[in-house]
Amino acid sequence: MTADAPERRAPSPARVATIAALPVALVAGVVAFWGLGGFPSGPSSAVVPAEAPQLDPSPAAMCRALVSRLPEDLGGLHRRAVTAGGEQNAAFGDPAILLSCGVAAPAIPPDAQFLGLSGVCWFTQEQSKQTIWHSVDRQVPLRVVVPKDADGSWLVNLSPAIAATIPTAPAGQSRC
């Protein structure tokens, strides 16, 4: 060794262990974060199953008007394609929230409670994995199926489009 050259020391064992452990810890942290759902996936593009009953011309026209008025994004829920009746059904989010227009009106129990949201009267049916909302004051019946783990605040965003396109039922049929 010359007098001008600095003396090189071997790295300490602690330093070597730290340098080796950092990438391993980083990879383990990323894998754990991903496993716990930390990296959101893109919106689902899978087609949502839907039924499309044959509608008379007037209800069909109202349903087309409603579906065409609905946004592509509803409160952060991306719109998705449906298997049938794209002119009378719309789906949003994953798991999908499905709006169906022109469906059969449900039998409503006499003790049912109703909820008025943004000008539309709704009746709900609770099921184990979903809540089904039925409009009860429109000329064309509507059904919205909501998975249990979905945020229900989006329904307030659907109601104005419904109120603007689907007329109310004749007086005396509303329950709100």
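Rules used throughout
Residues numbered from 1 in each chain as written. Predicted model: local features only at pLDDT ≥ 70, side-chain atom pairs only at ≥ 80, totals over all residues. Heavy atoms only, no water. Salt bridge = Lys/Arg side-chain N within 4 Å of Asp/Glu carboxyl O. Buried < 20%, exposed > 50% of the residue type's maximum accessible area, 1.4 Å probe, protein only. Helix = DSSP H or I, 4+ residues; strand = E, 2+ residues; numbered from the N terminus. Expected span 1.5 Å × (residues − 1). Arc of directions from axis to C-beta. Contact = heavy atoms within 4.5 Å. Core = buried A, V, L, I, M, F, W, Y, C linked by side-chain atoms within 4.5 Å. Polar contact = N/O pair within 3.5 Å; in protein donor to acceptor, adjacent residues only side chain to side chain. Disulfide = S-S within 2.5 Å. Pairing = 2+ DSSP bridges. Axes fitted to C-alpha atoms, helices over the stretch in contact; angles between N-to-C directions. Left-handed = near helix turned anticlockwise from the far one by under 90°. Nonpolar A, V, L, I, M, F, W, Y, C, P; charged D, E, K, R; others polar.

A.B. asks: Looking at this model, I keep getting lost on the pattern of salt bridges. Mind explaining?
C.D. replies: Side chains carrying opposite charge are able to pair once their charged atoms draw close together. This model, assessed by the stated rule, comprises 4 salt bridges. One salt bridge connects arginine 79 with glutamate 72, and the closest N-O pair in it is separated by 3.9 Å. Residue classification places arginine 79 among the buried residues on the basis of a relative accessible area of 15%. A relative accessible area of 52% means that glutamate 72 is categorised as exposed.

A.B. asks: Can you walk me through helix α2 (residues 57–69) in this structure?
C.D. replies: Owing to its 3.6 residues per turn, the α-helix aligns residues three or four sequence positions apart on the same side. The terminal C-alpha atoms of α2, which comprises 13 residues, lie 18 Å apart, in line with the 18 Å expected from a rise of 1.5 Å per residue. Restricting attention to buried positions, one finds in α2 the residues Ala60, Met62, Cys63, Leu66 and Val67. The buried residues of α2 occupy an angular sector of 165 degrees when the element is viewed end-on, so they sit on one face. Those residues of α2 that are exposed and angled more than 90 degrees off the buried face are Pro57 and Ser68. Of the surrounding secondary structure, the elements contacted by the buried residues of α2 are β2 (77–80), β3 (89–92), β4 (97–101), β8 (142–147) and α3 (155–165).

A.B. asks: Mind showing me how you'd approach the nonpolar core here?
C.D. replies: Side chains of a nonpolar character, in soluble globular proteins, are inclined to be buried together. Grouped together as the largest cluster of nonpolar side chains are 26 residues, with contacts concentrated most on Leu66, Val144, Leu158 and Ile162. The next biggest cluster of nonpolar side chains, apart from the first, holds 5 residues, and it includes Ala50, Val82, Ala91 and Leu98.

A.B. asks: Any chance you could explain the environment of threonine 83 here in plain terms?
C.D. replies: Mapped onto the secondary structure, threonine 83 falls in the loop between β2 and β3. The residues contacting threonine 83, other than those within four sequence positions of it, are Val47, Val48, Pro49 and Ala50. Polar side-chain contacts of threonine 83 include one of 2.9 Å to the backbone nitrogen of alanine 50.

A.B. asks: How should the state of the cysteines be read in this particular structure?
C.D. replies: Note on terminology: a disulfide is the covalent bond linking the sulfur atoms of two cysteines. This model, assessed by the stated rule, comprises 2 disulfides. With a sulfur-sulfur separation of 2.0 Å, cysteine 63 is cross-linked through a disulfide to cysteine 101. Its S-S torsion of approximately -80 degrees makes the covalent link between cysteine 63 and cysteine 101 left-handed. With cysteine 63 in helix α2 and cysteine 101 in strand β4, this pair connects stretches of sequence that are 38 residues apart.

A.B. asks: Looking at this structure, I do not really get the sheet that holds strand β6 (residues 120–126). What am I missing?
C.D. replies: Whenever strands of a sheet pair, they do so through backbone hydrogen bonds, lying parallel or antiparallel. Taking strand neighbours across the sheet as the criterion, the 8 strands line up as β1-β2-β3-β4-β8-β7-β6-β5 in an open arrangement whose pairing is antiparallel. Every interior strand has two partners, whereas the edge strands, β1 (73–74) and β5 (114–117), have only one. Both β4 and β8 contribute to a ladder of 4 bridges, which runs antiparallel. Bridge pairing in β8 links leucine 98 to valine 145. Here α2 sits on the sheet and contacts β2, β3, β4 and β8; the angle it forms with β4, its principal contact strand, is near 150 degrees.

A.B. asks: Where do I start with the packing of α2 against α3 in this structure?
C.D. replies: Two elements in contact, α2 and α3, have axes whose closest approach is 9 Å; the angle formed by their N-to-C orientations is 145 degrees. For the pair α2 and α3, the sense of crossing is right-handed. Between α2 and α3, the residues in contact are Met62, Ala65, Leu66 and Arg69 and Ala161, Ile162, Ala164 and Thr165, respectively. The residue makeup of the contact of α2 with α3, split by class, is 6 nonpolar, 1 polar and 1 charged.

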